[in-house]
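Overview (structure and organization)
Here is how the chains run, residue by residue.
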Amino acid sequence: MSATAIAPPSRRRRPRPPAALWVLLVPFLVMFAAFFVAPIVFAIVDSMFSQQSSGLGLTAPTREFVFLDNYAAALSSPSFVASLGRLVAFSAIEVPLMVVSALALALLLGAAAARFPRAFRVTYFMPYGVPGVIAALLWGFLYIPATSPVLQSLGAVGIDIDPLSSDAVLFAIANIALWGFAGYNMLILIAALDAIPAELYEAARLDGAGEWRMIWHIKLPLIRPSIVLITLFTIIGTLQLFVEPLVLRPLTTAISSDYTPNLAAYNQAFAQGNPNLAAAMAVIVALLAFAFSALFLRVVNRKGNRAW
């Protein structure tokens, strides 16, 4: 028997992506590089320089490379380190409240007994459409006893509450953030609940499962990726705390110019005239957000693998 030669397989050239793909992709890449990558690179580079001026101020300041000196100055500042701790405490308060509130609203509106679900969805989502500055101003008036009908009514019955005191102002800020973003996170969870096939609910009811068992064994496991998503968004959002303390600062003495890291960076850049130190502070906050997000995703992925 003669051996037959096997012809080598012909190499096929991979088809080139169509020109229309590049037409759609190039604008995104340009915008992504210009408005996302470039500001990050500029902040990192700017944080490694410093403006040095002569003692007499007769000559223009010179720009000198100082490497990590700005980071050392920021981390050696007691007020900035305290603001970082305050930000971590705020995240520990806000993240669980946000996730639990959004999940509770989504489950209530997704229940079969809910009436007028569309009207309630719009009602809960409306605060998200209010700009953060306006929301902080509205709640600021409600936090001042002289202008708040709620605090005046409580004071009339002997209950004196000062939401802007040093002990309660962090919770007051958390309340504003919860009011503004709970509805947005709720809609994400409602979309995940609506994607669950109705056949699963019907099969569970035939097996005698009640509403609570369906929540624990069907709804929560299937919307777990959405819960992880809103938790990640909330972690990143809380570490960017800036608008609420900036607006409430004139109303109370409990909020200083460096109450949060972003507020401290804003003060250094525009009040103290030190944009390089402000850039270092901003980079530290960005690294903190990245570390917390990565740690959260790692913990969630470990638990998810164990569940499987």
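In what follows, the accompanying structure is described. This one's a predicted model, so the numbers in the text were calculated from it and none came from an experiment.

1. Here we look at the side chain of Thr260
Within the secondary structure, Thr260 is located in the loop between helix 11 (243–248) and helix 12 (261–270). On the accessibility criterion, Thr260 (2% relative accessible area) is buried. A polar contact is formed between the side chain of Thr260 and the backbone oxygen of Leu241, at a distance of 3.3 Å. Setting aside its immediate chain neighbours within four residues, Thr260 contacts Ser83, Leu241 and Pro245.

2. Thoughts on the side chain of Ser148
Along the chain, Ser148 turns up in the loop between helix 5 (132–143) and helix 6 (149–156). Of the polar contacts made by the side chain of Ser148, one reaches the backbone oxygen of Leu142; its length is 2.7 Å. Of note is the side chain of Ser148, whose polar atom sits 3.2 Å from the backbone nitrogen of Leu151. If we ignore the near neighbours within four places in the chain, the residues touching Ser148 are Phe141, Leu142 and Tyr143.

3. Description of the packing of aromatic side chains
Here the distance between the centres and the angle between the planes together describe a pair of aromatic rings. Scanning the entire structure with this criterion turns up eleven aromatic pairs. Taken together through their ring pairs, the aromatic side chains of Phe125, Tyr128, Phe181 and Tyr184 make up a single cluster. Directly above the aromatic system of Phe49 lies the positively charged group of Arg63, at a separation of 4.3 Å from the ring centroid.

4. Considering the environment of Ala278
Within the secondary structure layout, Ala278 lies in helix 13 (residues 275–307). Judged by its relative accessible area of 7%, Ala278 falls in the buried class. The spatial distance from the C-alpha of Ala278 to the C-alpha of Ser47 is 7.6 Å, given a sequence separation of 231 residues. Leaving out residues up to four positions away in the same chain, Ala278 has contacts with Ala265, Gln268 and Ala269.

5. Things to note about unusual backbone geometry
One non-glycine residue, Phe67, lies in positive phi territory at about 60°. As for its position among the elements, Phe67 is in the loop between strand 2 (62–65) and helix 2 (69–75).

6. Describing helix 10 (residues 224–238)
Here helix 10 is 15 residues long and its end C-alpha atoms lie 21 Å apart, about the 21 Å a rise of 1.5 Å per residue gives. By the burial criterion, the buried members of helix 10 are Ser226, Ile227, Val228, Ile230, Thr231, Leu232, Thr234, Ile235 and Thr238.

7. Focus on the environment of Glu244
Mapped onto the elements, Glu244 comes out in helix 11. According to the relative accessible area criterion, Glu244 is buried, its value standing at 10%. Each C-alpha atom of the pair Glu244 and Ala135 lies 8.4 Å from the other, and the pair is 109 residues apart in sequence. When residues no more than four places from it in sequence are discounted, the contact partners of Glu244 are Ala136, Ile173 and Ile176.

8. A look at the pattern of salt bridges
With the rule as written, the count across this model stands at two salt bridges. Across the salt bridge formed by Arg63 and Asp46, the nearest N and O atoms sit 3.1 Å from each other. With Arg63 in strand 2 and Asp46 in helix 1 (residues 19–46), this residue pair connects regions lying 17 residues apart in the sequence. Looking at Arg63, the relative accessible area reads 43%, which means it is partly exposed. Residue Glu211 pairs with Lys219 through a salt bridge whose shortest N-O separation is 2.9 Å.

Here is what the cut-offs are and how they apply
Within each chain, residue numbers correspond to sequence positions counted from 1 in written order. Given that the model is predicted, a residue must reach a pLDDT of at least 70 before its local features are reported, and side-chain atom pairs must reach 80 or more before they are shown or counted; all residues, however, enter totals for whole chains, interfaces and linings. Side-chain calculation: all heavy atoms of the structure are included, whereas hydrogens and water are not. Only DSSP runs of H or I reaching four residues or more are called helices, and only runs of E reaching two or more are called strands; each is numbered from the N terminus. Categorising residues by exposure relies on relative accessible area from a 1.4 Å probe, with only protein chains included: less than 20% of the type maximum marks a residue as buried, more than 50% marks it as exposed, and the intermediate range marks it as partly exposed. Counted as a polar contact is a pair of N or O atoms within 3.5 Å, where, for protein atoms, one must be capable of donating a hydrogen and the other of accepting one, and residues adjacent in sequence contribute only when both atoms are in side chains. In this analysis, two residues are considered to be in contact whenever any of their non-hydrogen atoms come within 4.5 Å of each other. For this analysis, a ring pair means two rings from Phe, Tyr or Trp (six-membered ring only for Trp) whose centres lie within 6.5 Å, classed as stacked if their planes differ by under 30 degrees, edge-to-face if by over 60, and tilted for the remaining angles. Placement of a charge over a ring requires the Lys NZ or Arg CZ to be within 6 Å of the ring centre, with the centre-to-atom vector within 35 degrees of the ring normal. What a helix should span is 1.5 Å times the count of its residues minus one. When a carboxyl oxygen of Asp or Glu is within 4 Å of a side-chain nitrogen of Lys or Arg, the pair counts as a salt bridge.

By themselves these figures say nothing about function.
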